[in-house]
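Below are the chains, spelled out letter by letter.
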Amino acid sequence: ELRFYTAKKVTKVLSEAVVKDMGKYYLQRRIELLLKGKITDRYLRKLTKSLTKSATRKAERHGSRLVAARLMIKTGFWGSLLGNLALFLIEEGVTGFIYTYRYFRGPKPKDAELPVSLRRETNQPPFLRFTLDNVSRGVGTVYCEAFGAAIG
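Notes on the structure in this doc start here.

Reading the values: the criteria
- Residues numbered from 1 in each chain as written.
- Predicted model: local features only at pLDDT ≥ 70, side-chain atom pairs only at ≥ 80, totals over all residues.
- Heavy atoms only, no water.
- Helix = DSSP H or I, 4+ residues; strand = E, 2+ residues; numbered from the N terminus.
- Expected span 1.5 Å × (residues − 1).
- Phe/Tyr/Trp six-rings, centres within 6.5 Å; stacked < 30°, edge-to-face > 60°.
- Buried < 20%, exposed > 50% of the residue type's maximum accessible area, 1.4 Å probe, protein only.
- Lys NZ or Arg CZ within 6 Å of the ring centre and 35° of its normal.
- Contact = heavy atoms within 4.5 Å.
- Polar contact = N/O pair within 3.5 Å; in protein donor to acceptor, adjacent residues only side chain to side chain.

### Side note on helix H3 (residues 51-62)
- Compared with the 16 Å implied by 1.5 Å per residue over 12 residues, the 16 Å span of H3 between its first and last C-alpha is a close match.
- Downstream of H3 by one or two residues, Gly63 has phi in the positive range, about 75°.

Below you can see the structure in the form of structure tokens.
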């Protein structure tokens, strides 16, 4: 029975990861198409750059890995923006769905009944709190990916 439970949980986690990844790819392409007529091609190319190919070209062009790493920070920042925006929109959609479902279907818990991790000493509604957490996580991810591109 433990094996079945573990296999079921692994299947669930993997399927959620695949769906999230496919949704990210699809949404990222839709955002690219939306931006195509609104911004110049120069900026669109910056947002849709392949970071590994760009890092290789920069290292070959400049002959120094240190110079290439410095240049890759900016390139990594711009190159990871659309993907992280797509993930943010997916997470917000899921969070909005969950809160809407709970609002119409579930009981309204009092603050004392919430888990400790959800209780805060703020007057913000939970949806806004989770949105702000997602924003801070997204910004941190973009910066970490930029520095990761430089290190790589």
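### A few points about the packing of aromatic side chains
- The final tally for this structure, using the stated rule, is two aromatic pairs.
- Seen from their ring centres, Phe77 and Trp78 are 5.5 Å apart, and the 80° between their planes marks the pair as edge-to-face.
- Geometrically, the ring pair formed by Phe77 and Tyr143 is tilted, given 5.6 Å between the ring centres and 35° between the ring planes. Here Tyr143 lies in helix H5 (residues 126-151) and Phe77 lies in helix H4 (residues 65-105), a separation of 66 residues in the sequence.
- Judged by its relative accessible area of 25%, Phe77 falls in the partly exposed class.
- For the cation-ring pair, Arg42 lies above Tyr43, with the distance from its terminal atom to the ring centre recorded as 5.4 Å.

### Some words on H5
- Given a rise of 1.5 Å per residue, 26 residues ought to cover 38 Å, and the 37 Å separating the end C-alpha atoms of H5 matches this to within 8%.
- Listed in full, the buried residues belonging to H5 are Arg129, Thr131, Asn134, Val142, Ala146, Ala149 and Ala150.
- Structurally, H5 contributes buried residues whose contacts are with H3 and H4.

### Some details on the environment of Arg57
- Mapping Arg57 onto the fold places it in helix H3.
- Taking the relative accessible area as the measure of exposure, Arg57 reaches 43% and is therefore partly exposed.
- Note: C-alpha distance between Arg57 and Ala68 (11 residues apart in sequence) is 8.8 Å.

### A word on the side chain of Asn134
- With respect to the helices, strands and loops of the structure, Asn134 is situated in helix H5.
- Among the polar contacts made by the side chain of Asn134, one reaches the side chain of Glu92 at a distance of 2.6 Å.
- If sequence neighbours within four positions are ignored, Asn134 has contacts with Phe88, Glu91, Glu92 and Thr95.

These figures capture arrangement, not role.
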